[in-house]
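# Coordinates in review
For reference, the chains in residue letters:
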Amino acid sequence: MKFEIIVDVFEEMEKTSKRLELTDHLVRLFKLTSKEIIDKIIYLIQGKIRPDYEGIELGIAEKMILKAISISSGLELSLIERFYRESGDIGVAGEKALENRKQSVLFREDMELEKVYSILEKIASLSGEGSQDLKFKYIANLLNNSTPKESKYILRIVSGKLRLGIADYSILDALALAFTDSKENRVILEHAYNISSDLGFVAKKLALEGLSAVKELKASLFKPIRPMLAERIQNAQEALERTNGICAAEYKLDGERVQIHKSKDKIMLFSRRLENVTLHYPDVIEAIKGLGIDNIILEAEIVAIDQNTGEYLPFQDLMHRRRKYNIEEAMREYPISLNIFDILYYNKECLDMSYKDRRALLESLIRESNNIIRLVPMIITSDAEKIEEYMEQSIADGCEGLMIKNLESSYRAGAREYAWMKLKREYRSELADSLDLVIIGAYHGKGRRTGKYGAFLLAVYDKDNDMFRSISKIGTGFTDEHLDTFYSILESYKLKKKDARVDSKLDADVWFEPKIVIEVIASEITLSPLHTASMDIIRRGSGLALRFPKFTGKIRYDKNAEDATTTDEIIKLYHKQIKSKREA
Ligand code: AMP
């Protein structure tokens, strides 16, 4: 298939941000695609070459890309850098340079999509000595053989900046329309995606084997299952109302969630974001080997513990461990516990089993051992007072509160529903829960904060439109150490102008790619014409904003920007707040 075909569709897609139009373009593209390579098309649309959990990165430095453009176009590097500075987009800079190519290309065959993909694969597979040179050669070679317009997209892909503004579910809609003629079938595809985390794989199965094959798909070892998520609730009463009067209450531990896949000696750990984190936790791997069970997928929370007493320590202690280079030393200084709370596979998929049955299976299989492996503490109760007491006990034991679980519920991969609920301690005038917000911009600091950022602009995620909408400025809760950390980690996400997925009326001194998620508490959600979160929903001309926002000290490295608090959640919280004010 000619690469030009996909590039033409990308060009059309760039002209619109309307979801329906984007979907239509995708449908057209999928219909033009030969079935064998639909998976490759899917990955490329997402700006990658393999599903995220494989952790394959193209890993090309910007400098090298600019140099490749210079070589291929015959123009001075300084000129290319100027094009880049002016446009803020490496693809546009490359396109412009190659349009002005010094030597015209006399003979060029049409670029095939398979060829582009296989070269990208080669680039990703290179590592070690001499790999940078080879990568450079491959890119220059790709540019030499492509038109300026094709180069624009190749460059965006290799720099990790192909942003077509399409969310996963738009791709699912388009697949359903292209291959089954009905958008309704998206739910079937979505389920397959939720249990495999691989859109390319689902698309290829659909294209080659049809919808019934996709319907029969089951979760399998070493393909991560998208995690089940929890809704917030206010109190124990609500927990019982939403579970027909009886529920499980588990400790809500404050650590890092992992999904463990094990078959014989092969063990893999996936983070909540489905990244492969196997190498981060050699001690966990050892402990799991000792479990003596096989063909299993477990979910657990890794929590730092006190060396001497074995008591739980806060999330920050786990993060200290992350920052250490020497893993042996980190393991000694920051020991951890693995707290298992669910089983998703045991010789076959267990997702359809009820919570009650999965927990019973877990209890029959897991031997708690040497303080590392533990089953998450749990009670089953129909008494609100017992829930309150258990909550106090969990907080006294160093946890965040409780996870309430519906006894009859199956494991709902990728869903945030009331089958799982988080219950934290209630604050009277404050928002009952913290929010996870995305840093989209920053303001230069003054006085003591000169040379760092003094305040940040934060956003919530608007899932339906795949946009980040501003909700608050924040300057409270930061220590000097935090500010140093933010200054350095945000460096690689700096942009020349506001990101296309960011919606903000306020200006910032510096804009960032929406990547870094931080935890924030606030006293209240208010209406504000300045912020664009949930604009016009509660009142025309007003969005939602935070009063007295404060950073809790937690950078949520475990969350993608798309996992941040959503506009829907903020609206729900706003309504809850109004209701509790009325009742007070
Ligand atoms: P949140 O990140 O605030 O939405 O809370 C959900 C997270 O709580 C999950 O992703 C887990 O990392 C964590 N968690 C802690 N304890 C449990 C538990 N007993 N069951 C499920 N998740 C838990």
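Each chain has its residues counted from 1, following the order in which its sequence is written. At least 70 in pLDDT is required for a residue's local features to be given in this predicted model, at least 80 for side-chain atom pairs to be given and counted, and no such filter applies to totals for whole chains, interfaces and linings, which use all residues. Derived side-chain values reflect all non-hydrogen atoms in the structure, with water molecules and hydrogen atoms excluded from consideration.

Turning to the pattern of salt bridges, a few remarks are in order. Basic side-chain nitrogens of Lys or Arg form a salt bridge, by our definition, when they fall within 4 Å of a carboxyl oxygen of Asp or Glu. Overall, the coordinates contain 50 salt bridges when judged by the stated rule. Its salt-bridge partner being Glu-569, residue Arg-232 comes within 3.5 Å of it at the nearest N-O pair. Separated by 337 residues along the polypeptide, Arg-232 in strand β1 (residues 229-232) and Glu-569 in helix α21 (residues 567-583) bring together distant segments of the chain. Glu-569 matches Arg-232 in its accessibility class, with the two residues each being buried. One salt bridge connects Lys-554 with Asp-254, and the closest N-O pair in it is separated by 2.8 Å. Here Lys-554 is found in strand β21 (residues 550-555), whereas its partner Asp-254 is found in the loop between β2 (247-252) and β3 (256-263), with 300 residues between them in sequence. The exposure classification of Lys-554 matches that of Asp-254, with both residues buried. Under the DSSP-based scheme used, a helix requires at least four consecutive residues in state H or I and a strand at least two consecutive residues in state E, with every element numbered from the N terminus. Throughout this description, buried means an accessible area under 20% of the type-specific maximum (1.4 Å probe, protein chains only), exposed means over 50%, and partly exposed covers the range between.

Each domain span listed reflects an automatic or database assignment of domains. We note that the domain assignment places domain 1 (3-158), domain 2 (229-424) and domain 3 (435-583) within the protein chain. The contact criterion used throughout is that any non-hydrogen atoms of two residues lie within 4.5 Å. Listed by partner, the interface residues are 14 residues for domain 2 and 15 residues for domain 3. Counting each side, the surface lost to burial between domain 2 and domain 3 is near 1,500 Å², with a carbon and sulfur contribution of 40%. Buried area counts how much accessible surface, traced with a 1.4 Å probe, disappears from two parts once they are put together, with both parts' losses summed. Three residues, Arg-232, Arg-272 and Arg-273, lead the burial of domain 2 against domain 3; their summed loss comes to 42% of the area buried on that side. The tally of links between domain 2 and domain 3 comes to four salt bridges. Ionic pairing is found between Lys-554 and Glu-400, a salt bridge with its closest N-O pair at 3.5 Å. Polar contact is the term for a pair of N or O atoms within 3.5 Å; when the atoms are in protein, one must be able to donate a hydrogen and the other to accept it, and sequence-neighboring residues count only if both atoms are side-chain atoms. Connecting domain 2 to domain 3 are seven residue pairs in polar contact (both at pLDDT 80 or more). Here the side of domain 2 that touches domain 3 gets four residues from one element, more than from any other, and that element is helix α16 (residues 315-323). In this classification, Asp, Glu, Lys and Arg are treated as charged, Ala, Val, Leu, Ile, Met, Phe, Trp, Tyr, Cys and Pro as nonpolar, and every other residue, Gly included, as polar. Class assignment for the residues of the side of domain 2 that touches domain 3 results in four nonpolar, two polar and eight charged.

Throughout, the term near means that a residue has one or more heavy atoms lying within 4 Å of the molecule or strand in question. Around the ligand, 15 residues are found, and the nearest of them are Glu-250, Arg-257, Glu-301, Lys-405 and Lys-422. Within the contact set of the ligand, a nitrogen atom lies 2.9 Å away from a side-chain nitrogen or oxygen of Lys-405. Note that an oxygen atom of the ligand is positioned 2.5 Å from one of the side-chain N or O atoms of Lys-422. Taken by itself the ligand offers 500 Å² of open surface, and the protein chains cover 96% of this. Of the pockets mapped on this structure, the ligand occupies the largest cavity. At the level of elements, β2, β10 (401-405) and β11 (416-424) are the ones that each hand at least two residues to the shell around the ligand. All accessible-area figures derive from a Shrake-Rupley calculation using a 1.4 Å probe, and residue coverage is judged against the displayed protein chains alone. Of the grid points, spaced at 1 Å and generated over the protein atoms alone, those admitting a 1.4 Å probe that cannot get out make up cavities, while open sets with protein on both sides within 12 Å along at least five of seven lines make up pockets; any residue with an atom within 4 Å of a point is treated as lining. Should more than half of a molecule's atoms lie within 2 Å of a pocket's or cavity's grid points, that molecule is taken to sit in it.

Let us look at empty space enclosed by the protein. Grid points are joined across faces, edges and corners, and a volume is the space filled by probe spheres set on the points. Tallied over the entire structure, the rule returns five cavities of 30 Å³ or more. Volume-wise, the largest cavity comes out at about 500 Å³. Lining of the largest cavity is provided by 31 residues; of these, Lys-252, Leu-253, Arg-272, Glu-301 and Met-403 occupy positions nearest its centre. If you list the elements that add at least two residues to the lining of the largest cavity, you get β1, β2, β10 and β11. Residue contributions to the lining of the largest cavity peak at four residues, all from β11.

Strands qualify as paired when DSSP identifies two bridges or more between them. Strand order in this open sheet of five strands is β1-β11-β10-β2-β9, and the pairing throughout is mixed. Every other strand in the sheet has two partners, leaving β1 and β9 (378-381) as the edge strands with one partner each. With direction set aside, neighbouring strand axes in the sheet form an average angle of 35 degrees. Taken together, the four bridges between β1 and β11 define a ladder with parallel strand orientation. By the bridge assignment, Leu-229 is partnered in β11 with Arg-416. Lines fitted to the C-alpha atoms define the axes, with helices restricted to the stretch that makes contact. Angles between their N-to-C directions range from 0 to 180 degrees. Packed on one face of the sheet, helix α19 (residues 384-396) meets β2, β9, β10 and β11 and runs near 135 degrees to β10.

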